[in-house]
Amino acid sequence: MAGLYIHIPFCKQRCLYCDFFSTTLLSRREEYILSLLKEIEERQNEAGEAIRTVYIGGGTPSTMPIECVEAILRKIKSNDVTEYTFELNPGDATEDYLSRLRRAGVNRLSIGVQSFQDDLLHLIGRRHNARQAKEAVRMAQKAGFDDISIDLMYALPTQTMDQWKADIRTALSLHVQHLSSYGLMYEEGTVMTRMRDQGAITETDEETENAMYDYLCARLEEAGWTHYEVSNFALPGYEALHNSSYWDGTPYIGVGAGAHSYIGRVRSWNPADLEAYIRGMEDGSLVRESETLTDRDLYNERIMLGLRTNKGIPLSDVNVRNGHEMVTKMTVKDQLLRITEDGRLVATQKGLHVLNRIIEDLMI
Ligand code: SF4
């Protein structure tokens, strides 16, 4: 089974923290869709396995007219797809758009809420407000969506613990099934990083960020949710299949500007350049860069991706020099990892705070 990722790079405005590949050149949407449809047509069988999950992400897919989304979905020929996810900006939600999405086959929504606090949404440059976010969830439920994920951000400048607790309370009160939550990252070249460097905003300290994360994990666990990946939580049975396939090495085909694919040992990617993509697909000159993963790369990926999940990695997979000593130190002395009854290494709550460091230590 394989996954299909479809990238829609358009956004109506740029969020101040964003370093993803996206563009506000909405006038190029029609040409882009034509190229995208062509690429889906040409490449959907490339993995040699039936497509089981489809994820339309961005950018902001909901900047697309619904007719374009319908055309994309009609292009996908697999009868084995069980999960169609679509990323929605709350500011784009209308009853008509959502019902048509549902009728076109989308059965999972990922809504970019980020916060239920208007001041924070404004500060990070989002174009929707808290009322629209709640309304988007309500409209989606009315349109028949019963698998809804929302994104929430923490460690935002000026965000208090009380605001964060209120956001989690609101999220739970909305009866959604899935939550993805990320601490704000100050990526190089973004407006927020510039603001921080100029002293206009203050970065949240590590202790507060960890406390926010711990509160989130504890509160959701208490509410019966599964913490199945470092940043992802779900009610039982609602873990995202598409995302899980990234973590367990399932092949995926990525179409659209900047999209990555992973088939066999080969990772390839389209140019993250709107015009080069449109032109390249139009005249057949598109050049995809690629790399073949070595045994070492594959080992490192397994460590990196596996330790992010609640399944962890088999203890026997650890292949680093002094592996036994290192694992003993991390499990017994530092309590960053634990060994499950079936012999797997899983990060503890303490370990999740320093996961990148653990991963680095276990990579070769
Ligand atoms: S909507 Fe998403 S992709 Fe677009 S600018 Fe904001 S964070 Fe970036």
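Caption draft 1: The sheet that holds strand E14 (residues 337-339), seen in detail. As summarised here, the arrangement of the three strands in space is E13-E15-E14, forming an open sheet in which the pairing is antiparallel. Unpaired on one side and paired on the other, strand E13 (313-314) and E14 mark the two borders of the sheet. Examined bridge by bridge, E14 and strand E15 (residues 344-347) share three bridges and lie antiparallel to one another. Bridge pairing in E15 links Arg338 to Val346.

Caption draft 2: Structural context of the environment of Leu121. Locating Leu121 in the fold gives a position in helix H4 (residues 118-123). Counting along the chain gives 106 residues from Leu121 to Cys15, while the straight-line C-alpha distance between them is 9.5 Å. Among all residues touching Leu121, those that are not within four sequence positions of it are Val113, Gln114, Ser115, Arg126, His128, Asn129 and Ala130.

Caption draft 3: Here's a closer look at the packing of aromatic side chains. Considering all chains together, one arrives at eight aromatic pairs under this definition. Cluster of aromatic residues (ring-pair linked, three or more members): Phe10, Tyr32 and Tyr277. The aromatic ring of Phe145 is capped on one face by Arg102, whose charged end is 5.7 Å from the ring centroid.

Caption draft 4: View of unusual backbone geometry. Omega for the bond connecting Gly58 with Gly59 falls within 30 degrees of zero, at 20°, which places this linkage in the cis form. By secondary structure assignment, the location of Gly59 is in the loop between strand E2 (51-58) and helix H2 (66-75). One non-glycine residue, His175, adopts positive backbone phi at about 60°. Inspection of the secondary structure puts His175 in the loop between helix H6 (161-173) and strand E6 (178-183).

Calculation notes
Residues numbered from 1 in each chain as written. Predicted model: local features only at pLDDT ≥ 70, side-chain atom pairs only at ≥ 80, totals over all residues. Heavy atoms only, no water. Pairing = 2+ DSSP bridges. Helix = DSSP H or I, 4+ residues; strand = E, 2+ residues; numbered from the N terminus. Contact = heavy atoms within 4.5 Å. Phe/Tyr/Trp six-rings, centres within 6.5 Å; stacked < 30°, edge-to-face > 60°. Lys NZ or Arg CZ within 6 Å of the ring centre and 35° of its normal.

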